[in-house]
Amino acid sequence: MIDRKIIEEHNLTLDEYEKIVELIGREPNITELGIFSLMWSEHCSYKSSIVHLRQLPVKGKNVIQGPGENAGIIDIGDGLAVVFKIESHNHPSFIEPYQGAATGVGGILRDIFTMGARPIVLQDSLRFGPLSTSKNKSIMEGVVSGISGYGNSIGIPTVGGDVYFNDCYSLNPLVNVFALGIVEKEKIFYAKAEGTGNPVLYVGAKTGRDGIHGATMASAEFGEDSEHKRPNVQVGDPFMEKLLLEACLEVMANELIVGIQDMGAAGLTCSTTEMAAKSGTSLDINLDLVPQREEGMTPYEMMLSESQERMLIVAKKDRVEEVKQIFSKWDLDAVVIGHVGEGGRLKVSFGGKTVVDLPVDAIVNLCPVYERESKVPSYLESAKQLEPLPLPEDYNQTFFKLLSSPTLAEKEWVRRQYDHMVRVNTVFHPGADAPVIRIKNTKKALALTLDGNSLYTYLDPKTGGKIAVAEACRNLACAGARPVGVTNCLNFGNPEKPEIMWQFKETIQGIAQACRIFDIPVTGGNVSFYNDTEGVSIYPTPVLGVVGLVEDISEVTGPGFKDEEEILILLGENKEELGASEYVKTIHQKQKGIPPQIDLKQEKRIQEFCLEIISSGLVESAHDVSEGGLACCLAESSFLSSKNIGLKVDLQDEMRSDALLFGETQSRIVITSKHQNHQKILNLAKDRQIKATAIGKTGGDRIIIDQNGQKLLDVPVDDALKAWREAIPDIFAIK
Amino acid sequence: MKFGVVIFPGSNCDYDTLYVLKDVLKQKTLFLWHKEHDLKNVDCVILPGGFSYGDYLRSGSIAAFSPLMQEVKEFALKGGLVLGICNGFQVLLELGLLPGAMLRNKNLKFLCQFVHLRVENEATPFTNKAKKSQVLRIPIAHYDGNFFSPPDKIHEIKKNNQVVFRYSDAKGQLSEDANVNGSLESIAGLRNKEGNVMGMMPHPERASEVLLGSEDGRIIFDSIIHWLGNRGG
């Protein structure tokens, strides 16, 4: 029956298997083993991470729903709430980039509308290997088209996100998808299976053999044969999901149902067991009634299938016909496949026989939890030592090289493949630090951002975690928004390796500290372990999705200069910090050094100040200093101004000139103000004990940066713009 | 005066179009459902953007066979105003109410960006508030917007003054660069011979509020309102 080989094939340890036998009081059959293997996989159970995730602050006065549901929910006033989450689809996107990314979009959208919210916006955080290889280029092209193909068709705007490139992602790209929806506070739905006798309906696409073992695939390292796992990747149908979205929202609006859960990773298994476990009820389902796309499917295959665009609904007993009518209006199947009972069990029948009879609590809540061994990585000491670097001979050339490095270059090539305007809410601010979405019929808007620099985290995970939160919030502050909630996607290597576990623990500590200081709750997220291929782990990559609220949309500020003769003011302080910078990586080809340090309290005060002067109407533009340093920050504000206005600044700092131009010291924001307002800003800064320095002004058609009166950089805006704008299209041009 | 916005399965600019007409322009507007045969006495039918029936098979092809479209065809043949935006334009081509076909964009990628349109024909119900050669800034968002037509047909289209918009630069100059999707003769919008049916790839509903980056799209809706008003509709 169940032997060692079968257990291993299901990614379970022998100890775990013994625990299953103990919990259910007998040997499981193969279908039951399949169910446990999915629900006890790292992907579904969080067994290696949960101990550490408990450090994250999850409470706050506006939190309606924290971690543990399909998505987190935050109250934004006016009777409205936002529902949001981020999730990874890394493994499938390596194996089949288009479908992997597309189904990542589909999956996260279902998490949002499952809760009764209409999804209104998407963002993606993408990590690829260097574009010097055709394989990496084809992965990037596939992923971007997959996101575009799904999101555009279903009609939800993909408004932004970030893209980084590093060798460590060559065999293991990251695709993290963030979605947000909006719902009336009183009309939120949960994954409940209550009310004995209530019917269980299967709605949406038919079940096929696709995606079997997707969740277990995402919970193991890849070897050389990973491309053979292609059949494990699901295939997306955005049209089907669009119909499903409309039909589900319609049955919810008509109050016909008790609970609803999407069938994402782990499909029918996850939706049935989680709904029953949450409500302490039983579910009896008959697999003969499940709509099937293929012939001869076994119970094992049906329970483990990850066919997309399916949902499970528990309807009110006397409203089933109305539910069916709505689904039929949208040309969708809605089939009663079982009912709610008592006793906390999942009972599945097939061909007249009971094929599964398990306690749901054991499946959902009693998975073993591991506090895995951790140890400081051996690479760390030498990686932190950055040997003395020569100063550039020609700062202009160095600047062009940096602007055209794919991580810093303009990403319009990506962005214009996404429909970022559908739903007519996207406030016009090209290249903004945080895209802004208006909320119709209110004065409010949402600002959104995704952030995570994995080179920082690789060299100092705790600091990297702090900076990921801080920078995300800084982006929001530049747009004029206050952070209200966080979702995170934690992408790491194999947690069974102590060095990876150390990175994970440290990163979480950094994120937790920063969230406490910024007073923002983490409402959920996703952990993606086993991002290792052929024994090589990715850099630890936390991606923070922070949602910001703008109370008055007229205050929204963009990064581009508005006019000539604006005064440039630097908030914060320049320091000589070169470690882990894009400059050292690109120009000196070293991924080494100590990343910039951060004082979270100081950071918060600077952000508060930025928000204060924005809402006082004193600010024309605001842009945060991040990768590429002050020089790239200033240049971007010029590129993003409607007339590509130039600038001239003189920096009065004693330090290495390359560090001054390209160092990535944190807690810095460059704002511009009208001439008549700049003294007010400087005075106010003094009152608030914020360092603010007038460093120059906008105007002309050159980017000129001096240090103590000595010329460092002097280039025509047009040339710099060309380097920045054409870098990525050039790489993908058909030659 | 009453507008009807058609919903096909897969339409996704239906609510946007309704929002602009109803909330921004304060016009009486209702949805029309693809399975019905009732146009509900509207004065202008708008086929919105989206991916009707997933755009499987060919963009707009399946929607052309929906029950409601048989009514729309009759309505158009009797002189009723019909505007197709993006996917709606593709449906009108498939239905044969407008000439030509759409190929994939010349760079073989989906394109979502602001473009400039030069008004070629201001004497239509859809452009009477614009001036000849006026340049409008309106976004596009499509995969299949590369207009094509055989030489004899294009000759006829031009002879009948059916080209309403061409892709241009900000100054109204035509160029290969400005013609982002590769359309034949830079064609971005077309009317039928009679002038009561127009299709355009750009989305005027996405350019009807300053907050979203442009108000130029309102000219199209304002023109329809003006024309219907004068007709006493």
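The rules behind these values
Residues numbered from 1 in each chain as written. Chains lettered and ligands numbered in written order. Predicted model: local features only at pLDDT ≥ 70, side-chain atom pairs only at ≥ 80, totals over all residues. Heavy atoms only, no water. Helix = DSSP H or I, 4+ residues; strand = E, 2+ residues; numbered from the N terminus. Rg over C-alpha atoms; globule rule 2.2 N^0.38 Å. Buried < 20%, exposed > 50% of the residue type's maximum accessible area, 1.4 Å probe, protein only. Contact = heavy atoms within 4.5 Å. Lys, Arg positive; Asp, Glu negative; His and termini not counted. Charge placed at Lys NZ, Arg CZ, Asp CG, Glu CD. Pairing = 2+ DSSP bridges. Axes fitted to C-alpha atoms, helices over the stretch in contact; angles between N-to-C directions. Polar contact = N/O pair within 3.5 Å; in protein donor to acceptor, adjacent residues only side chain to side chain. Left-handed = near helix turned anticlockwise from the far one by under 90°. Nonpolar A, V, L, I, M, F, W, Y, C, P; charged D, E, K, R; others polar. Core = buried A, V, L, I, M, F, W, Y, C linked by side-chain atoms within 4.5 Å. Buried area = accessible area lost by both parts, 1.4 Å probe. Salt bridge = Lys/Arg side-chain N within 4 Å of Asp/Glu carboxyl O. Patch = residues over 30% accessible without salt bridge, like charges linked within 9 Å, V, L, I, M, F, W, Y side chains within 5 Å. Areas by Shrake-Rupley, 256 points an atom, 1.4 Å probe, with all protein chains shown as cover. Phe/Tyr/Trp six-rings, centres within 6.5 Å; stacked < 30°, edge-to-face > 60°. Right-handed = clockwise from strand over helix to strand, strands pointing away. Expected span 1.5 Å × (residues − 1).

What about the overall build of chain B?
If you tally the helices and strands in chain B, you get five helices and 11 strands. Here the C-alpha radius of gyration of chain B, 16 Å, is about what a compact globule of 233 residues would show, namely 17 Å. Its C-alpha atoms give chain B principal-axis dimensions of roughly 45 × 35 × 35 Å. Counting the 233 residues in chain B, one finds 63% classified as buried. Counting contacts in chain B only where the partners sit at least 6 residues apart, residues at least 24 apart contribute 75% of the total. In chain B, 27 positive and 25 negative side-chain charges are present, and the distance between their average locations comes to 2 Å.

What about the overall build of chain A?
Summing up its helical and strand segments, chain A has 26 helices and 27 strands in all. By the compact-globule yardstick of 27 Å for 735 residues, chain A fits well, its C-alpha radius of gyration being 26 Å. Reported as C-alpha extents along the three principal axes, the dimensions of chain A are approximately 85 × 55 × 50 Å. Among the 735 residues that make up chain A, the fraction classed as buried is 66%. Pairs at least 24 residues apart make up 85% of the contacts formed inside chain A by residues separated by at least 6 positions. Distance between charge centroids for chain A: 3 Å, based on 75 positive and 101 negative side chains.

Digging into the sheet that holds strand β1 (residues 63–65) of chain A
All names here are of chain A. Reading across from one edge, β1-β2-β3-β6-β4-β5 is the order of the six strands in this open sheet, with mixed pairing throughout. Either end of the sheet is taken by a strand with one partner, and the two such strands are β1 and β5 (158–165). Taking each pair of neighbouring strands and ignoring which way they run, the sheet shows an average axis angle of 20°. Sheet topology places β1 next to strand β2 (residues 72–77); two bridges connect them, and they run antiparallel. The residue of β2 that forms the bridge with Gln65 is Ile73.

Thoughts on the sheet that holds strand β12 (residues 345–350) of chain A
All names here are of chain A. Spatially, β8-β10-β7-β11-β9-β12-β13 is the arrangement adopted by the seven strands of the open sheet, whose pairing is mixed. Two strands close off the open sheet at either side, each with one partner strand: β8 (257–262) and β13 (353–359). Neighbour-to-neighbour, the strand axes of the sheet open up by a mean angle of 25°, direction not taken into account. Note: strand β9 (residues 281–286) against strand β11 (residues 334–342), five bridges, orientation antiparallel. For Ser282, the partnering residue across the bridge sits in β11 and is Gly341.

A short note on helix α3 (residues 30–39) of chain A
All names here are of chain A. Counting buried positions along α3 yields nine of 10 residues, so the element is predominantly enclosed. Residues of α3 that are buried include every one of Thr31, Glu32, Leu33, Gly34, Ile35, Phe36, Ser37, Leu38 and Met39, and no others. Sitting at the amino-terminal end of α3 is Asn29, which places a side-chain oxygen 3.0 Å from the backbone nitrogen of Thr31.

Examining the packing of helix α22 (residues 600–615) of chain A against helix α25 (residues 675–687) of chain A
Residues and elements named next belong to chain A. Where α22 meets α25, the axes come as close as 11 Å, and the angle between the chain directions of the two elements is 145°. In the packing of α22 onto α25, the handedness of the crossing is right-handed. Together, Phe609, Glu612 and Ile613 of α22 and Ile681, Leu684 and Ala685 of α25 make up the contact between the two elements. Here the contact of α22 with α25 is composed, by residue class, of five nonpolar, no polar and one charged.

Some points on the nonpolar core
One finds A:Ile257, A:Phe327, B:Val45, B:Leu83 and B:Phe165 to be the most contacted residues of the largest nonpolar core, which totals 139 residues. The greatest single-element share of this core, amounting to 10 residues, is contributed by helix α10 (residues 238–253) of chain A. In contact with B:Leu83, not counting residues within four places along its chain, are B:Val45, B:Ile46, B:Leu47, B:Leu92, B:Phe126, B:Met198, B:Met200, B:Ile220, B:Phe221 and B:Ile224. Counting residues in hydrophobic clusters, the runner-up holds 55 residues, among them A:Tyr169, A:Ile500, A:Cys515 and A:Val556.

Some remarks on the packing of helix α7 (residues 97–113) of chain A against helix α8 (residues 134–154) of chain A
All names here are of chain A. In the contact formed by α7 and α8, the axes pass within 7 Å of each other and the chain directions differ by 35°. Here α7 runs over α8; the crossing is right-handed. The residues of α8 that touch α7, namely those facing Pro97, Tyr98, Ala101, Ala102, Val105, Gly106, Leu109 and Arg110, are Ile139, Gly142, Val143, Ser145, Gly146, Ile147, Gly149, Tyr150, Gly151 and Ile154. For the contact of α7 with α8, the per-class residue count stands at 11 nonpolar, six polar and one charged.

What to know about the environment of A:Leu171
By secondary structure assignment, the location of A:Leu171 is in the loop between β5 and β6 (174–184). Spatially, the C-alpha atom of A:Leu171 lies 9.8 Å from that of A:Ile139, the residues being 32 residues apart in sequence.

Overview of the interface of chain B and chain A
If you look at the interface, chain B gives 30 residues, while chain A gives 33 residues. Buried area between chain B and chain A, both sides added, is near 2,700 Å², and the carbon and sulfur share of it is 61%. Counting every contact that joins chain B to chain A gives four salt bridges. Here B:Lys35 ties to A:Asp331 by a salt bridge, and the two come within 2.9 Å at their closest N and O atoms. Summed over the shared surface of chain B and chain A, the number is 14 residue pairs in polar contact (both at pLDDT 80 or more). When residues of the side of chain B that touches chain A are traced back to their parent elements, those giving at least two are α1 (14–24), β6 (111–119) and β7 (135–142) of chain B.

What to know about a negative patch on the surface
Residues and elements named next belong to chain A. Side chains of Asp563, Glu564, Asp701, Asp718 and Asp719 sit close together on the surface and give a patch of like negative charge. Mapped onto the elements, Asp701 comes out in the loop between β25 (692–698) and β26 (702–707). Overall, Asp701 belongs to the exposed group, its relative accessible area being 56%.

Quick word on the packing of aromatic side chains
Residues and elements named next belong to chain A. Under the counting rule described, the total for this entry stands at 17 aromatic pairs over all chains. An angle of 5° between the planes, with centres 4.3 Å apart, marks the rings of Tyr379 and Tyr458 as stacked. Of the two residues, Tyr379 is situated in the loop between α14 (360–365) and α15 (380–384) and Tyr458 in helix α18 (residues 454–459); the sequence distance between them amounts to 79 residues. Across this residue pair, the class does not change: Tyr379 and Tyr458 are buried. On the basis of an interplanar angle of 15° and a centroid distance of 3.9 Å, the ring pair of Tyr458 and Tyr539 is categorised as stacked. Residue Tyr458 is found in helix α18, and its partner Tyr539 is found in the loop between β19 (536–537) and β20 (541–550); the two are separated by 81 residues along the sequence.

Overview of the pairing of strand β3 (residues 44–47) of chain B
Residues and elements named next belong to chain B. What you see with β3 is no split at all: Cys44 and Ile46 on one side and Val45 and Leu47 on the other are buried throughout. Here β3 runs beside strand β4 (residues 81–85); their pairing, made up of four bridges, is parallel. Within β4, the position partnered with Val45 by the bridge is Val82. With helix α2 (residues 67–77) bridging β3 and its parallel neighbour β4, the resulting β-α-β unit is right-handed.

Structural notes on a nonpolar patch on the surface
Among the surface-exposed residues, B:Tyr56, B:Leu57 and B:Ile62 lie close enough to one another that they form a single nonpolar patch of about 310 Å² accessible area. Structurally, B:Leu57 is set in the loop between β3 and α2.

Some points on the pattern of salt bridges
Counted by the stated rule, this structure contains 54 salt bridges over all chains. For A:Asp162, the salt bridge goes to A:Arg127, with nearest N and O atoms at 3.2 Å. Placement of A:Asp162 in strand β5 and of A:Arg127 in strand β4 (residues 118–128) is noted, with a sequence separation of 35 residues between them. Both residues of the pair, A:Asp162 and A:Arg127, belong to the buried class. With its nearest N and O atoms 3.3 Å apart, the salt bridge here joins B:Glu215 to B:Arg218. Taking the relative accessible area as the measure of exposure, B:Arg218 reaches 24% and is therefore partly exposed.

A short note on the pairing of strand β1 (residues 2–7) of chain B
Across a regular strand the side chains alternate sides, sitting on one face of the sheet and then on the other. Across the six residues of β1(B), five count as buried, placing the element largely inside the fold. In this fold, β1(B) hands off to α1(B), which returns the chain to strand β2 (residues 28–33) of chain B; that crossover is right-handed.

With respect to helix α19 (residues 461–479) of chain A
Residue and element names in this part refer to chain A. Counted at 1.5 Å a residue, the expected span for α19 with its 19 residues is 27 Å, and the 27 Å between its end C-alpha atoms agrees. In terms of burial, α19 is largely enclosed, as 18 of its 19 residues are buried. With its phi angle positive at about 95°, Gly480 sits one or two positions after the end of α19.

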